[in-house]
Amino acid sequence: MASWSGWVPLIGAEVPRLPGVYLVRQGESGPLVYAGLAGERQGEGLRGRLRRYTSGKALASGLGEAVFDRALADATWLRERLEEAEDGRPMRATGWGKAALAWADLHVCWAITESGAEAEVLERRVLAVEAVDWWNRAR
């Protein structure tokens, strides 16, 4: 289907500034959970897209939203955030986003494409794999 990089932890990943598709799995060898794409993004490509997530600034879109929804459903994770607020250490929204990503323990790999349009085609092909319980919202 495409030439994919090796798997690396999402937080701290050195990702190219090129268009492409990224795959996400939960845990170092866990199941695939998400597929996404990045176009040219003002010269930032995949790196720009994934950095939006790791910065905590993408709580309401794509992977950030999928992770945050799952973290909010974990009573232990939510209780920890509540304890922080009760102890006078409330976090900003970006902090919650970063905490959710750390909780999810995500790993990523990617395939480079020639353009954003090619990335869209590859992403559709990847998401067509029905054996995966994708976190992506239906498109």
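Residues numbered from 1 in each chain as written. Predicted model: local features only at pLDDT ≥ 70, side-chain atom pairs only at ≥ 80, totals over all residues. Heavy atoms only, no water.

A.B. asks: Can you explain the side chain of Arg49? Please cite residues and give values.
C.D. replies: Structurally, the position occupied by Arg49 is in helix 1 (residues 45–54). One buried charge, Arg49, has no salt-bridge partner; the nearest side chain with opposite charge is Glu123, at 8.5 Å. Residues in contact with Arg49, not counting those within four places in the same chain, are Tyr22, Leu37, Ala38, Arg41, Ser61 and Gly62. (Helix = DSSP H or I, 4+ residues; strand = E, 2+ residues; numbered from the N terminus. Buried < 20%, exposed > 50% of the residue type's maximum accessible area, 1.4 Å probe, protein only. Lys, Arg positive; Asp, Glu negative; His and termini not counted. Salt bridge = Lys/Arg side-chain N within 4 Å of Asp/Glu carboxyl O. Contact = heavy atoms within 4.5 Å.)

A.B. asks: Help me get a handle on the pairing of strand 4 (residues 106–112), residues and values and all.
C.D. replies: Of all seven residues making up strand 4, six are buried, and the element is well covered by its neighbours. The pairing of strand 1 (residues 8–9) with strand 4 spans two bridges and is classified as antiparallel. Looking across to strand 4, one finds that Val8 is bridged to Val108. The pairing of strand 2 (residues 20–26) with strand 4 spans seven bridges and is antiparallel. If you follow Arg25 over to strand 4, its bridge partner there is His107. (Pairing = 2+ DSSP bridges.)

A.B. asks: If you had to explain the pattern of salt bridges to someone new, which residues and values would you point to?
C.D. replies: The full count for this structure, using the stated rule, is six salt bridges. The shortest N-O distance in the salt bridge between Arg17 and Glu44 comes to 3.2 Å. Taken together, the residues span a long stretch of sequence, with Arg17 in the loop between strand 1 and strand 2 and Glu44 in the loop between strand 3 (32–38) and helix 1 at a distance of 27 residues. A salt bridge links Arg81 to Glu80; the shortest N-O distance between them is 3.7 Å. Under the relative-accessibility criterion, Arg81 is labelled buried at 7%. On the basis of relative accessible area, Glu80 is assigned to the partly exposed category, the value being 37%. In the salt-bridge network here, residues are joined through shared partners; they are Glu80, Arg81 and Glu84.

A.B. asks: Could you give me a rundown of helix 2 (residues 62–72), with the residues and numbers involved?
C.D. replies: For helix 2, the complete set of buried residues consists of Leu63, Gly64, Glu65, Ala66, Val67, Phe68 and Ala71. Buried residues along helix 2 sit against strand 2, strand 3, helix 1, helix 3 (75–86), helix 4 (93–104) and strand 4.

A.B. asks: Run through the environment of Trp96, naming residues and quoting values.
C.D. replies: Mapped onto the secondary structure, Trp96 falls in helix 4. A residue is classified by how much of its surface remains accessible, and Trp96, at 23% relative accessible area, is partly exposed. Not counting chain neighbours up to four residues away, the residues in contact with Trp96 comprise Phe68, Leu72, Trp77, Leu78, Arg81 and Met91.

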